[in-house]
Amino acid sequence: MDMEQAKQLFIDEARELLESMEQCLLDVESGAADVGEHIDAVFRAAHTIKGSAGIFGFDDIVAFTHNVETVLDKVRDQKLELSPQLLSLMLDCQSHMGHLVEAVAEPGAEVDKHTGALLLQQLLAVLQPATQPSPPQAEVGTESLPGLWQLKIRYGQDVFKDGMDPSSQLVYLQKLGQLSAVQLSAQFPPAADFDPENCYLQLDMQLQSTASKQDIEDVFEFIQDSSEVLIQAPAELKQKLQQLPMVDQPLGEVLLEAGAVTAKELEKALQTQQQEIRQDKSTVAVGQMLVQQGVLDPALLDVALHKQKSTEHKRPADLQFLKVEARKLDQLINLIGELVTAGAANQLLVQQRDDEKLSESFGVMTSLIEQIRDGTLGLRMVQIGDSFSRLKRIVRDVSKELGKEIQLEILGAETELDKSMVEKLSDPLMHIVRNALDHGIEAKELRLYQGKPAQGLLRLNAYHEAGAVVLEIQDDGQGLNAEKLRQKAIEKGLISAEQTLTEEECFKLIFAPGFSTASQVTNLSGRGVGMDVVKRNLEELRGQIFIESQLGKGTLFRIRLPLTLAIIDGFEVSVADTHFVVPLNMVQECIEFSADCQAEQAERRDYFNLRGEVLPFVRINDLFRLSSGNATERENILVVQYGHQRAGLVVDALHGELQAVIKPLHAVVKSARGLSGTTILGSGEVGFILDVPQLIDFAIQQESCVAHS
């Protein structure tokens, strides 16, 4: 790993920790969390960011974060009261830390130093009434005792090649305490094997510090895979172990809780123990293993064993996570897509052979391909709650800026959606929420005058419905005035005065570029940009947006999205020589369109009697202007449903189920309404994937145009 890779690792970790800090602080502010646990988590996140930044010499991050950490430490020790003002300050500090990290990621990015200086002054002012913060050289760890730590570092030969500088670690160690008895040595190989780019250094030293063992280990985080780092706790730690009550815990947990070992040291010992079990060797106890590895003093082990009640060591199975680049996952899904296409081609060949054993064998393979497909697509599924959580900060900041009291209610946060779609939903959700806060929910005084609660309600909800994901953003504000929206659109020349629109069409005028009903331009709205971005981004995701609103009651935005953008189960049909694929989760049934039915249809135009129920339908050949070659043959109706709406699609032939790999539309047909993509069929022909909701809307518009002409 070179220096750039290590730096990117720091940036990625810092971003995740900053998100965690923000989430915990917002949960505490809303009263929906245990204050002690969440402040501990915020403190640990800040501490980790500071430690990692120190290794790379990012002194501005270290200096600022150190003061944030000190304030959090005082809150943990109950020396400072966690007031609403202090919570707000911590959130502002978290934002500034984010800017400092982004400046590392993008060297050209500017950081507002004036804001940083003001925040630093506020932090120091908060600390004035409390005990003065200790300087970085003598940082106090709340779970550690002062003492003399013994450090032995045997650097790996690739340390220099990885871009690591041992001197930077020594510099940072001096911020944790006082170094002494530093002995530098080297294990040089024979002259013939000497490589000037290799590192042969060895360090033995003592560190007088109140830092915890984990803090010291973090200094060497980026060399631990290639080097040997041994840290022995001071004798004073024995007192802490002796003061612990008798516990019914595994020995490793006792030592970990006391700070005698770190999580990495314990994990290494357990792995070695498991390896010996697999090799049928005589198993050494975990405590003895830690002593043999040089990370635990035998005296500390004796005290820990005395404090531990006799109990069977049952170590729970760890949940292990592996980070994988999104690029690699996308490549895997593309390959599986090609496998699905190749499988469809082979299926046609198997059907032609009419070999029962071959068909059975191929059926097993097809089933396995489907399982691999579903499993791989599942890797890209993430909970929508991550996106909802990011909106908490927007709701908080915007409501404070507008002087409104707003309660945010989140439902269905566990609903899963394709990761690529979640990322592209970020902007649309942000614009809809800001619009609801600014235009939708009234000011506190007006709400009270109207008999509403002073606190407005903004509800975010997500759920699965008919093979799609539905997102709802609902407020209890003033609602949309359809007539006012229509008049504004006429003023701006978006529609003519003679044009008649339904109520929903009036509502959707807010998505027109440059459209705004705001009387004045503010930091949040009034320029007519934002909502048009919502519509454009959702169309790119093959999604739909519906608006329901009542004056004085509020507005509901309902977004429907496909579960995934990669591979779907489909139903193949054809009209003339053109093949179409309909998402299988929308298909309800297939019906023969007989001559009697057609006669009835001729009288009733585009409606069909389906077992006493009126079913509207559209002819695919008319909609896409295809010349049907089966005019004298029977036709079929494919009954589809999305949401609460049902319709029929009239097609020439039904070909059955298949797996369709979605490919983007070619530029030639990209503007065509009702198509969401293409796929390669088993025969090698191109099939068009129908966007059923958009197709029905398009058909309704076509009929409306004919009726008015």
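Details of the structure are given in the entry above.
This one's a predicted model, so the numbers in the text were calculated from it and none came from an experiment.

Engineer: Give a description of the overall build of the chain that names residues and reports values.
Structural biologist: Counting its regular elements, the chain contains 23 helices and 21 strands. Nonlocal contacts in the chain, meaning residues at least 24 apart in sequence, comprise 70% of its contacts between residues at least 6 apart. Counting only carbon and sulfur atoms, one obtains 50% of the accessible surface of the chain, whose full area is about 37200 Å².

Engineer: Before we move on, can you summarise helix H3 (residues 59–76) with the specific residues and values?
Structural biologist: Compared with an ideal rise of 1.5 Å per residue, which puts 18 residues at 26 Å, H3 spans 25 Å between its outermost C-alpha atoms and is within 8% of the ideal. Among the 18 residues of H3, 14 are classified as buried, and the element is accordingly described as predominantly covered. Directly beyond the C-terminal end of H3, a positive phi value near 60° is found at Gln-78.

Engineer: So what's going on with the nonpolar core? Which residues, and what values?
Structural biologist: Counting 84 residues, the largest nonpolar core has Ile-61, Met-90, Leu-151, Ile-153, Leu-173, Ile-216 and Phe-220 as the members making the most contacts within it. Take this core: its biggest share by element is eleven residues, from helix H1 (residues 3–30). When sequence neighbours within four positions are dropped, the list of residues in contact with Met-90 reads Leu-25, Val-68, Val-71, Leu-72 and Leu-123. With 44 residues, the next largest nonpolar core counts Leu-417, Leu-429, Ile-441 and Ala-462 among its residues.

Engineer: I'd like a rundown of the sheet that holds strand S19 (residues 653–661), residues and numbers included.
Structural biologist: What the five strands build is an open sheet, ordered S19-S12-S13-S21-S20; its pairing is mixed. Across the chains shown, the open sheet's two edge strands, defined by having one partner strand only, are S19 and strand S20 (675–680). Strand-to-strand twist across the sheet, computed as the mean angle between neighbouring axes with direction ignored, equals 35°. In this structure, S20 lies alongside strand S21 (residues 686–690), joined through five bridges in antiparallel fashion. Looking across to S21, one finds that Leu-675 is bridged to Leu-690. Set on the sheet, helix H13 (residues 326–353) makes contact with strand S12 (567–575), S19 and S20; between it and S19 the angle comes to about 150°.

Engineer: Quick one: what's the story with the pairing of strand S10 (residues 544–550), residue by residue and with numbers?
Structural biologist: Burial within S10 is extensive, with five of its seven residues counted as buried. Pairing between S10 and strand S11 (residues 554–562): seven bridges, direction antiparallel. What sits directly across from Glu-548, in S11, is Leu-556.

Engineer: Quick one: what's the story with the environment of Ile-394, residue by residue and with numbers?
Structural biologist: Secondary-structure assignment places Ile-394 in helix H15 (residues 385–402). On the accessibility criterion, Ile-394 (18% relative accessible area) is buried. Spatially, the C-alpha atoms of Ile-394 and Leu-437 are 9.8 Å apart, while their sequence positions differ by 43 residues. With sequence-adjacent residues up to four places away left out, Ile-394 is seen in contact with Met-430, Arg-434 and Leu-437.

Engineer: Describe in detail the packing of aromatic side chains, supporting the description with residues and values.
Structural biologist: Under the criterion given, the structure shown has six aromatic pairs. Look at Phe-580 and Phe-624: their rings are 5.7 Å apart centre to centre, the planes differ by 25°, and that puts the pair in the stacked class. Highlighted residues: Phe-580 in strand S13 (residues 578–583) and Phe-624 in the loop between helix H22 (620–623) and strand S17 (635–642), separated in sequence by 44 residues. Pairing Phe-580 with Phe-688 gives two aromatic rings, centres 6.3 Å apart and planes at 40°, and the pair type is tilted. One end of the pair, Phe-580, is in strand S13; the other, Phe-688, is in strand S21, and 108 residues separate them in sequence.

Engineer: Which residues make up the sheet that holds strand S3 (residues 201–209), and what are the values?
Structural biologist: Across a sheet, paired strands are connected by hydrogen bonds in the backbone, their directions being either parallel or antiparallel. The four strands are arranged S2-S3-S1-S4 in an open sheet whose pairing can be described as antiparallel. The open sheet is flanked by strand S2 (177–186) and strand S4 (228–232), the only strands paired with a single partner. When strand polarity is set aside, the average angle formed by the axes of neighbouring strands in this sheet is 15°. Two elements, strand S1 (residues 147–154) and S3, share eight bridges in a ladder whose sense is antiparallel. Looking at the pairing, Trp-149 lines up with Leu-207 of S3. The strands touched by helix H6 (residues 166–176) are S1, S2 and S3; relative to S2, the strand with the most contacts, the crossing angle is about 155°.

Engineer: Pulling in residues and values, what's your account of the packing of helix H16 (residues 419–440) against helix H20 (residues 531–540)?
Structural biologist: Two elements in contact, H16 and H20, have axes whose closest approach is 9 Å; the angle formed by their N-to-C orientations is 145°. Every pair of crossing elements has a handedness; the one defined by H16 and H20 is left-handed. From H16, Lys-424, Leu-425, Asp-427, Pro-428, His-431, Ile-432 and Asn-435 reach across to H20, where they touch Met-531, Val-533, Val-534, Asn-537 and Leu-538. Taken together, the residues that form the contact of H16 with H20 break down as seven nonpolar, three polar and two charged.

Engineer: Which residues make up the pattern of salt bridges, and what values do they have?
Structural biologist: Taken as a whole, this structure holds 29 salt bridges when the rule is applied. With its nearest N and O atoms 3.8 Å apart, the salt bridge here joins Asp-59 to Lys-175. Of this pair, Asp-59 sits in helix H3 while Lys-175 sits in helix H6; the two residues are 116 residues apart in sequence, bridging distant segments of the chain. The closest approach of N and O atoms between Glu-589 and Arg-611, which form a salt bridge, is 2.7 Å. Separated by 22 residues along the polypeptide, Glu-589 in strand S14 (residues 587–593) and Arg-611 in the loop between strand S15 (607–610) and strand S16 (613–619) bring together distant segments of the chain. On the accessibility criterion, Glu-589 (21% relative accessible area) is partly exposed. According to the relative accessible area criterion, Arg-611 is exposed, its value standing at 65%. If you follow the salt bridges from partner to partner, you end up with Glu-22, Glu-29, Arg-393, Arg-396 and Asp-397 in one network.

Engineer: Which residues make up a negative patch on the surface, and what are the values?
Structural biologist: On the surface, a cluster of negative charge is contributed by Asp-354, Asp-355, Glu-356 and Glu-360. The topology assignment puts Asp-355 in the loop between H13 and helix H14 (356–379).

Engineer: Could you give an account of unusual backbone geometry, naming the residues involved and the relevant values?
Structural biologist: Look at Asp-354: it is not a glycine, yet its phi comes out positive at around 55°. Its location among the elements puts Asp-354 in the loop between H13 and H14. For Asp-354, a relative accessible area of 69% puts it in the exposed group. For Ala-576, which is not glycine, the phi dihedral falls at a positive 55°.

Engineer: Lay out the pairing of S20 with the relevant residues and their values.
Structural biologist: Along S20, five of the six residues are buried, which leaves the element largely enclosed by surrounding structure. Hairpin connection from S20 to S21: five residues lie between these consecutive antiparallel strands, with Gly-684 at a positive phi of about 95°.

Engineer: An account of the side chain of Asn-461 is needed here, citing residue identities and associated values.
Structural biologist: Of note, Asn-461 is situated in strand S8 (residues 456–465). Asn-461 gets classed as buried once you look at its relative accessible area, which sits at 17%. Those residues in contact with Asn-461 that lie beyond four places of it in its chain are Phe-388, Leu-411, Gly-412, Val-470, Leu-471 and Glu-472.

Engineer: Go over the side chain of Ser-209, please, and point to the residues and values.
Structural biologist: Following the sequence through the fold, Ser-209 ends up in strand S3. Given the relative accessible area of 5%, Ser-209 is considered buried. Side-chain polar atoms of Ser-209 contact the backbone oxygen of Leu-176, separated by 2.6 Å.

Criteria and cut-off values
- Residues numbered from 1 in each chain as written.
- Predicted model: local features only at pLDDT ≥ 70, side-chain atom pairs only at ≥ 80, totals over all residues.
- Heavy atoms only, no water.
- Helix = DSSP H or I, 4+ residues; strand = E, 2+ residues; numbered from the N terminus.
- Contact = heavy atoms within 4.5 Å.
- Areas by Shrake-Rupley, 256 points an atom, 1.4 Å probe, with all protein chains shown as cover.
- Expected span 1.5 Å × (residues − 1).
- Buried < 20%, exposed > 50% of the residue type's maximum accessible area, 1.4 Å probe, protein only.
- Core = buried A, V, L, I, M, F, W, Y, C linked by side-chain atoms within 4.5 Å.
- Pairing = 2+ DSSP bridges.
- Axes fitted to C-alpha atoms, helices over the stretch in contact; angles between N-to-C directions.
- Phe/Tyr/Trp six-rings, centres within 6.5 Å; stacked < 30°, edge-to-face > 60°.
- Left-handed = near helix turned anticlockwise from the far one by under 90°.
- Nonpolar A, V, L, I, M, F, W, Y, C, P; charged D, E, K, R; others polar.
- Salt bridge = Lys/Arg side-chain N within 4 Å of Asp/Glu carboxyl O.
- Patch = residues over 30% accessible without salt bridge, like charges linked within 9 Å, V, L, I, M, F, W, Y side chains within 5 Å.
- Lys, Arg positive; Asp, Glu negative; His and termini not counted.
- Charge placed at Lys NZ, Arg CZ, Asp CG, Glu CD.
- Polar contact = N/O pair within 3.5 Å; in protein donor to acceptor, adjacent residues only side chain to side chain.

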